[in-house]
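# Architecture and fold: a report
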Amino acid sequence: MPLEGPARIVSELTSRGYNAEREAVTRIAATENPATTLEAVLEDLPDDALVVRSEHVDSFLERAPVSDGARTTDPSESSIDDGSDSRKSPTGDGSSSSESSTGDGPDSGEPSIRNTSASTGDEQSTSRPTATGGPVETKGDLEGSGRSADPLERSLEIAGDMTGESTGTGEYGDFVSVFRDRLERLGSKLRGRVNHRPATAIQSMPGGSEAGMVGLVNDVRSTASGHWLIELEDATGTFPWLVMKDREYADLVDELLYDEVLAMEGTLADDSGIAFVDSMYFPDVPRTHEPTTADRHVQAALISDVHVGSQEFMSEAWNRFADWLHTSEAQHVEYLLIAGDMVEGVGVYPNQDEELDVVDIYEQYEAFNERLKQVPGDIEIVMIPGNHDAVRLAEPQPGFDEELRGIMSAHDARIVSNPSTVTLEGVSVLMYHGVSLDEVIAELPEEKASYDDPHRAMYQLLKKRHVAPQFGGHTRLAPEEKDYLIMEEVPDIFHTGHVHKLGFGKYHNVLAINSGCWQSQTDFQKSVNIQPDAGFAPIVDLDTLNVTVQKFS
Ligand code: D5M
Ligand code: FE
Ligand code: ZN
C-alpha cells in the first residue's frame, strides 16, 4: 500500500507499535517516497525507542543521499488528517488508580455532575476510566492511528476568529462603534417582532398610543411603589419604560443586564413621557432551533482551565486523562477543545505568585506544551485564550502571538480568538472562556444563575445572544469597530470555562457546557468557599449531542 499522506504514515507506525511526533510524520510525508523513508527511519531507530521523533527523521535525511527535505511543510497549514499516533506507550504512570474503578456511574452525591435539563438523556454518568497498570490494549479492535475512523471523514472549520483583525485604537469613538454595531445587529433580530420607533419619535407621539422600541438597556431602577423603570437607549436617545410589579414581565426584570439589547412594546402615558410595558422581547434562541449533528459516531472532549504552572495544577489527573485518550474506550474522541486558561499566568490576581510552581510565563507555556504532547497526535485540538493567558485581557481576546504559538506547537493545535466558533463535522461549537459568567452570577438571582449550575448562567447569555453583555464590571471590553461578542448564529454547542465548575444542560436545544478545571482549590477559592470541579472531562457525542463525564481526579 503506498504511503500517500500523514494519516497512512500514522497508521503504519501504529500497526508496528510506535508513537510518533506530529512533526516527524509531517517530515516523512514531505519526502519524495514516504514509504521508503519510513522504512529507513525505523531501521535506524534505537532499539528502545517507542516514539519516532523529528530528530530521528532529520538524522536520517541528513545522511540519505536522495533525501528530499526540500519540500517543507508548514505544520500550521497541514491538513487535519495528519498527526501522530495515539497508541499508548507503556509508561502511563497515571493510568493505574489506587481508587476503585467500580462504584462509579451516576453520582447523585456530587451535585455538580449533573444535568438539570431532562433533554440530554443519560449524560449524568460520571465514570472513572478503567484502571490498568500496563499498556492499554488498543490494537485489534482499532485500525490505523488508534482513532477508529478515517481521518478524511473529519471536518473542522473556524469562524469568528478575530486574531489579527483588531481595529481598535482605544479611542472613545471605538466604544461608540462597538455599541452601535451591537444595537444594529442584535436589534435586527428584534425589529420584525415589534412596531418600533426611535426614542425621540416616541416622545412626540400622542399620549395613549401604542409604541414599540428596540434598544440597549441603559438603566434599571425600582420606583417607590415597587414597579420597575427600564431606560432603553438607541441611536437617537433614551426612553423610559415602566414594568408594573404585578405584570408577568416583572419576573424578567431581575435577569436584565446593562447594555443588553431588547425590545419593548406598550402604551404611552398621557404626557408621552413614559410607556407602560405590555411585552418584552429578547434576541434569544428560537425554541424551534434544531441543532446539526454529525453523520457518524464521533466525540469531542471539552475542557478548560488547565492552569499549568500553578502549584495546584493536577498533574496526575491530567496524566490519567491523557492516558485514557490512548485507550480504546476513547477511540471515538477525535477532537479536543480547550476553552482558555492554558497556564496559570503571572500577576493575574493579587498574591498569585505565592502559589506558582513555574514563575516564568514562557516556561509555563513550555510546560503546557509538554502536556499537549501527551495527547494522542491524531486528535485535533482547538484552543482559545482565557484571562490567565498572556494575551490582552479585554474581549475579544486575539489568539496567542507568534512567540507563544511557537512554544505551543507540539500538537499543531488550532489557536483562535476568545470567542470563536469551531464547526466539527457540521456541529458548531461557540467557544468562549467565560469571564462574563462571574458577572451574570453576581447580578442574577441564585435560581437563574449560580456557581453550582454554571450552565444556567450560560442560558442567559444564549437568551441575550451575546457572550458578555454587561460592560464595565469584571468583563473588559475592547473597543473595536464591530462587536465580536454577539452570537450572530445560534451555536449547536456553547462551551465555556472560567468558573471552574462543571455543569451542562440544554437551552432551546443548544447544549451548554461549562467544563470544570484541572486545578485543585486555590487559597483564594478556599477563602470564598469555592469547591472547584477539577479533573473532569465532559465528552460530547457529536452525532447525538449526548454528554458523558469522565472523571480523572
Ligand atoms: O477564576 C476561577 C474562578 O474563581 C472565577 O469564577 C473567578 C474566581 N476567582 C479566582 N481567583 C480570584 C480572585 N483572586 N479574585 C476574584 N475572583 C477570583 P480563574 O480566573 O479562571 O482562575
Ligand atoms: Fe481558570
Ligand atoms: Zn479564567
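Above this note sits the structure.
A brief structural summary.

## Quick word on the coordination of the zinc ion (ligand 3)
At 2.1 to 2.3 Å from the zinc ion (ligand 3) lie its protein donor atoms, namely D341 (OD), N387 (OD1), H433 (NE2) and H498 (ND1). Site description for the zinc ion (ligand 3): donor spacing in sequence, D-x45-N-x45-H-x64-H. In this structure the iron ion (ligand 2) is found 3.2 Å away from the zinc ion (ligand 3), and D341 serves as a bridging donor for the pair. Highlighted residues: D341 in the loop between β11 (333-339) and α9 (361-373) and H498 in the loop between β16 (493-496) and β17 (502-507), separated in sequence by 157 residues. Take D341 and H498: they sit in the same class, and that class is buried.

## Quick word on helix α12 (residues 454-464)
In terms of burial, α12 is largely enclosed, as 10 of its 11 residues are buried. On its buried side, α12 packs onto α5 (172-187), α7 (250-253), α11 (435-443), β16, β17 and β18 (510-515). Immediately beyond the C-terminal end of α12, within one or two residues, lies R465, with a positive phi of roughly 50°.

## Some words on the coordination of the iron ion (ligand 2)
The textbook angles at a metal center are 109.5 degrees for a tetrahedron of four donors and 90 or 180 degrees for an octahedron of six. For the iron ion (ligand 2), the full set of protein donor atoms is D305 (OD), H307 (NE2), D341 (OD) and H500 (NE2), and the range of their distances to it is 1.9 to 2.3 Å. One chain supplies every donor to the iron ion (ligand 2), and in sequence these donors are spaced D-x1-H-x33-D-x158-H. Judged by its relative accessible area of 0%, D305 is buried.

## Here's the deal with helix α8 (residues 315-325)
Of all 11 residues in α8, 9 are buried; the element is thus mostly enclosed. Where α8 is buried, its residues meet β10 (299-303), β11, α9, β19 (536-541) and β20 (547-551).

## Overview of the sheet that holds strand β7 (residues 237-243)
Reading around the circumference, β5-β6-β7-β9-β8 is the order of the 5 strands in this closed barrel, with mixed pairing throughout. Strand-to-strand twist in this sheet, taken as the mean axis angle between neighbours without regard to direction, amounts to 55°. Note that strand β6 (residues 228-234) and β7 share 7 bridges and pair antiparallel. Among the inter-strand pairings, I230 is bridged to a residue of β7, identified as W241. Here α5 sits on the sheet in contact with β5 (210-222), β6 and β8 (261-268), set at roughly 130° to β5.

About the cut-offs
- Residues numbered from 1 in each chain as written.
- Chains lettered and ligands numbered in written order.
- Predicted model: local features only at pLDDT ≥ 70, side-chain atom pairs only at ≥ 80, totals over all residues.
- Heavy atoms only, no water.
- Donors = N, O, S within 2.8 Å, 3.2 Å for Na, K, Ca; no water.
- Helix = DSSP H or I, 4+ residues; strand = E, 2+ residues; numbered from the N terminus.
- Buried < 20%, exposed > 50% of the residue type's maximum accessible area, 1.4 Å probe, protein only.
- Contact = heavy atoms within 4.5 Å.
- Pairing = 2+ DSSP bridges.
- Axes fitted to C-alpha atoms, helices over the stretch in contact; angles between N-to-C directions.

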